[in-house]
Amino acid sequence: MISDGKFGKYGGIYVPELLIPALEELEKAFLKYKDDKEFNAELEYYLREFAGRPTPLYYAENLSEKLGCKIYLKREDLLHTGAHKINNTLGQGLLAKYMGKERLIAETGAGQHGIATATVASLFKMPADIYMGSVDVARQKLNVFRMEISGAKVIPVESGAKTLKDAMNEAMRDWITNVENTHYLLGSTAGPHPYPTMVKHFQTVIGKETKKDILEKEGELPDAVIACVGGGSNSLGIFSEFIDDKEVELVGAEGGGDGLEGKHGATLSAGTEGVLHGSLSFVLQDDYGQISEAHSISAGLDYPGVGPEHSYLKVTGRAKYGPITDEEAFRAFKMLSKYEGIIPALESSHAVAMAEKYAKENPGKTIVVNLSGRGDKDVNIIADFMGVKL
Amino acid sequence: MNIESYDAAFERTKTKKEGAFIPFVVAGDPDFETSLQIVKVFVENGADALEIGFPFSDPVADGPTVQLADIRALESGMTAEKGFEFIRRIREFTDIPVGVLTYYNLIYKMGLEKFYKMARENGANAILAADLPPEEACEALEAAQKNGVQQIFMAAQTTSNERLQEITKMCSGFLYVVAVMGTTGARAELKTTTVDLIKRIKSHSDIPISVGFGISKPKHVREVINAGADGAIVASAILNIITENLENKEEMLQKVGKFCAELKEATKS
């Protein structure tokens, strides 16, 4: 490898030998094309014309009034396929095409990354196999159907907890077997190098647009940037442009589930260091190094690992992370829907809930919340939670 | 007990004009005592060295057979510490080389110093972590050398000649050669590329090599030994017998023994 892919001591390439040449090939291609004019022009074209970039930085008047702060929402929820995931799948899909790969594979939890992958597979005329835990397949039937309509094959994974972590294991096994013609389109800033760096790169467009717009609207940087953290791609996408601006607080909201005493997905808040899915980072595990099952009402935050750069930002103190419980996320979901007429994804609802907490402690500040996805996919879960039958 | 080294074991088999037969079982599959009996059966039926798996919740290099074995072992309460106790019990009846096959998180979580110290104290010859390539192995190698434990690495068809040189420099005991492009699991046929790979490695290095992944029939064992490998590692085909005979342990042990005897015989061609 050209770089060791480390953030402090976190990250790396903890993978079976069979995958090393594939990671080397991918790193080489990424480094070549990330600054390539033709590649970037093509990617910008698809981001604009196909995905709908740039997205607005919306001043949420009603919410600002209610919370006593200036609240801006970065509207990634308005993108094609309904979340920020498309930024990365367009980037990696195009890279796979430039590399001459013939087939895409991906893991998915709730199905948002699966749909975004199925979508670019259609766009770039490649077959796609999407690994999804059988528990998630059962609870996200609509998204499974959407992927299949786009021509992707959804493969239910029966091993382990049958959720996102196991889908990732299975996608890696597929890649180990079909490494020569297949690109593994990993959906988050997790996994072995170069994925954490590459996925962040394709998501920095969120932070770049946000910085430009907030300077235009406010004439200064915000006091805080808040985003939810599962694997960590939407948060790193928006944080990255502000990391060097020390006066801007960076706050990550993790899936607190039933609370840290019960089942949760708050890896940075309550996890310990370990090696999972190719990198050293914080993980949820038992005393013997066996990975625990995570829980969150939001499938996108239901993951016992986290991207290695977040671990680095945590231990260096540059970003702060905290858990938001299912109940708090649910209340934030209702609040944003009611006050702004914007139905957020359950993942993004965690960021909204964190903004509410921050606003209480810091009145009068300017806050940017990354609204990473829209909530259409979650209305059934919300109805269940409220005891409403649709 | 005087533990035999890998070098001595490969020398012993070579003198007899045989290859080394190296069976694999997951410690604690389906439970501690039964898996210990399985190891006894391995030894009684000609095993020249042993590979002992410490189970991990997320074994990405393994196919469904080993995953199931890992789950059974974890359900029976297996941990790395108990795994070393398992090896100590193996040392009550054999001195042939014992290698531990696991994933890096088990080592990292226990702490490298403690893990390798326990390996030495309980009689393990070598450690192989399936997700620890040379790039990440500096600290592990240091702990291994300090404790006189050997560190084994893998090589595959995709491994370039330059990389092979780096790997063989770091690797001791033997080089674990991955016979297939894929995860562990029984296969019907062995690819001709495996034979080419064995020959390529042999032209680059003197390190003993053992071939695993997909070696599931006496015929495969014969093929890799004839191609120049020093040893053949058989895992999933044995674990399949365990999986199919969980209800009848007598029969399980008998079938494993018979199969091992056939595999050992195939190293003598």
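Predicted, not measured: the structure shown is a model, and the values here were computed from it. (Residues numbered from 1 in each chain as written. Chains lettered and ligands numbered in written order. Predicted model: local features only at pLDDT ≥ 70, side-chain atom pairs only at ≥ 80, totals over all residues. Heavy atoms only, no water.)

## A look at the overall build of chain B
Argument step 1. In terms of regular secondary structure, chain B is built from twelve helices and nine strands.
Argument step 2. Here chain B has a C-alpha radius of gyration of 17 Å; the compact-globule value for 269 residues is 18 Å, and the two agree.
Argument step 3. Principal-axis analysis of the C-alpha atoms places the extent of chain B at approximately 45 × 40 × 35 Å.
Argument step 4. Classification of the 269 residues of chain B by burial places 63% in the buried group.
Argument step 5. Considering only residue pairs separated by 6 or more positions, chain B has 74% of its internal contacts joining residues 24 or more positions apart.
Argument step 6. Split by element, the accessible area of chain B, about 10000 Å² in all, is 49% carbon and sulfur. (Helix = DSSP H or I, 4+ residues; strand = E, 2+ residues; numbered from the N terminus. Rg over C-alpha atoms; globule rule 2.2 N^0.38 Å. Buried < 20%, exposed > 50% of the residue type's maximum accessible area, 1.4 Å probe, protein only. Contact = heavy atoms within 4.5 Å. Areas by Shrake-Rupley, 256 points an atom, 1.4 Å probe, with all protein chains shown as cover.)

## Section: the environment of A:Ser122
Residues and elements named next belong to chain A.
Argument step 1. Positionally, Ser 122 belongs in helix α5 (residues 112-123).
Argument step 2. Overall, Ser 122 belongs to the partly exposed group, its relative accessible area being 37%.
Argument step 3. Separated by 29 residues in sequence, Ser 122 and Gly 151 place their C-alpha atoms 7.1 Å apart.

## A word on the interface of chain B and chain A
Argument step 1. Counting from both sides, the interface comprises 35 residues of chain B and, opposite them, 36 residues of chain A.
Argument step 2. For the chain B and chain A pair, buried surface summed over both sides reaches about 2900 Å², with 56% attributable to carbon and sulfur atoms.
Argument step 3. Taken as a group, B:Val60, B:Lys109 and B:Glu136 account for 21% of the area that chain B buries against chain A, more than any other trio of residues on that side.
Argument step 4. Counting every contact that joins chain B to chain A gives four salt bridges. (Buried area = accessible area lost by both parts, 1.4 Å probe. Salt bridge = Lys/Arg side-chain N within 4 Å of Asp/Glu carboxyl O.)

## Remarks on empty space enclosed by the protein
Argument step 1. Considering all chains together, one arrives at seven cavities of 30 Å³ or more under this definition.
Argument step 2. Secondary structure elements with two or more residues in the lining of the largest cavity: β5 (103-108), α5, α8 (164-177), β9 (224-229), α10 (233-239) and α14 (346-361) of chain A.
Argument step 3. For the lining of the largest cavity, the per-class residue count stands at twelve nonpolar, 18 polar and five charged.
Argument step 4. When its volume is computed, the second largest cavity comes out at roughly 230 Å³.
Argument step 5. Taken together, 25 residues form the lining of the second largest cavity, with B:Phe24, B:Asp62, B:Val66, B:Leu101 and B:Thr184 sitting closest to its centre.
Argument step 6. Broken down by secondary-structure element, the contributors of at least two residues to the lining of the second largest cavity are β1 (20-26), α3 (64-75) and β3 (98-102) of chain B.
Argument step 7. Residues of the lining of the second largest cavity, tallied by class, amount to 16 nonpolar, seven polar and two charged. (1 Å grid on protein atoms, 1.4 Å probe; cavity = no way out; pocket = protein on both sides within 12 Å on 5 of 7 lines; lining within 4 Å. Points joined across faces, edges and corners; volume = space filled by probe spheres on them. Nonpolar A, V, L, I, M, F, W, Y, C, P; charged D, E, K, R; others polar.)

## Focus: the sheet that holds β5(A)
Residues and elements named next belong to chain A.
Argument step 1. Taken together, four strands build an open sheet; the order of strands is β7-β6-β5-β8 and the sheet is parallel. The outermost strands of the open sheet, each flanked by one partner alone, are β7 (153-157) and β8 (182-184). Sheet twist, expressed as the average angle between the axes of neighbouring strands with direction ignored, equals 25°.
Argument step 2. Examined bridge by bridge, β5 and strand β6 (residues 128-133) share five bridges and lie parallel to one another. Considered in β6, the bridge of Leu 104 is made with Ala 128.
Argument step 3. Packing of α5 onto the sheet brings it into contact with β5 and β6, and relative to β5 it is tilted by some 165°. (Pairing = 2+ DSSP bridges. Axes fitted to C-alpha atoms, helices over the stretch in contact; angles between N-to-C directions.)

## Thoughts on α3(B)
Residue and element names in this part refer to chain B.
Argument step 1. Compared with the 16 Å implied by 1.5 Å per residue over twelve residues, the 16 Å span of α3 between its first and last C-alpha is a close match.
Argument step 2. For α3, the set of buried residues is Thr 65, Val 66, Gln 67, Ala 69, Asp 70, Arg 72 and Ala 73.
Argument step 3. Phi turns positive one or two residues past the end of α3, at Gly 77, with a value near 95°. (Expected span 1.5 Å × (residues − 1).)

## Things to note about the nonpolar core
As a rule of thumb, nonpolar side chains are buried together in soluble globular proteins.
Argument step 1. A:Trp175, B:Ile52, B:Leu175, B:Tyr176 and B:Val256 are the most contacted members of the largest nonpolar core, which has 196 residues in total.
Argument step 2. Non-local contacts of B:Tyr176, meaning those with residues more than four positions away in its chain, are made with B:Glu51, B:Leu101, B:Leu128, B:Ile152, B:Phe153, B:Met154, B:Ala155, B:Ser210, B:Gly212, B:Phe213 and B:Ile233.
Argument step 3. With 28 residues, the next largest nonpolar core counts A:Cys228, A:Leu301, A:Ala353 and A:Ala355 among its residues. (Core = buried A, V, L, I, M, F, W, Y, C linked by side-chain atoms within 4.5 Å.)

## Section: helix α2 (residues 37-51) of chain A
Residues and elements named next belong to chain A.
Argument step 1. With 15 residues, α2 should reach 21 Å at 1.5 Å per residue; the first-to-last C-alpha distance of 20 Å fits that figure.
Argument step 2. Looking at α2, one finds that the buried residues are Phe 39, Leu 43, Tyr 46, Leu 47 and Ala 51. Projection of α2 onto a plane perpendicular to its axis shows the buried side chains occupying an angular sector of 100°, all on one side. Projecting away from the buried face of α2 at angles above 90 degrees are the exposed residues Lys 37, Glu 38 and Glu 49.
Argument step 3. Lining the buried residues of α2 we find α1 (20-33), α4 (85-98), α5 and α9 (195-218).
Argument step 4. N-cap assignment for α2: the residue whose side-chain oxygen lies 3.3 Å from the backbone N of Glu 38 is Asp 36.
Argument step 5. At the C-terminal side of α2, Gly 52 shows a positive phi close to 95°. (Arc of directions from axis to C-beta. Polar contact = N/O pair within 3.5 Å; in protein donor to acceptor, adjacent residues only side chain to side chain.)

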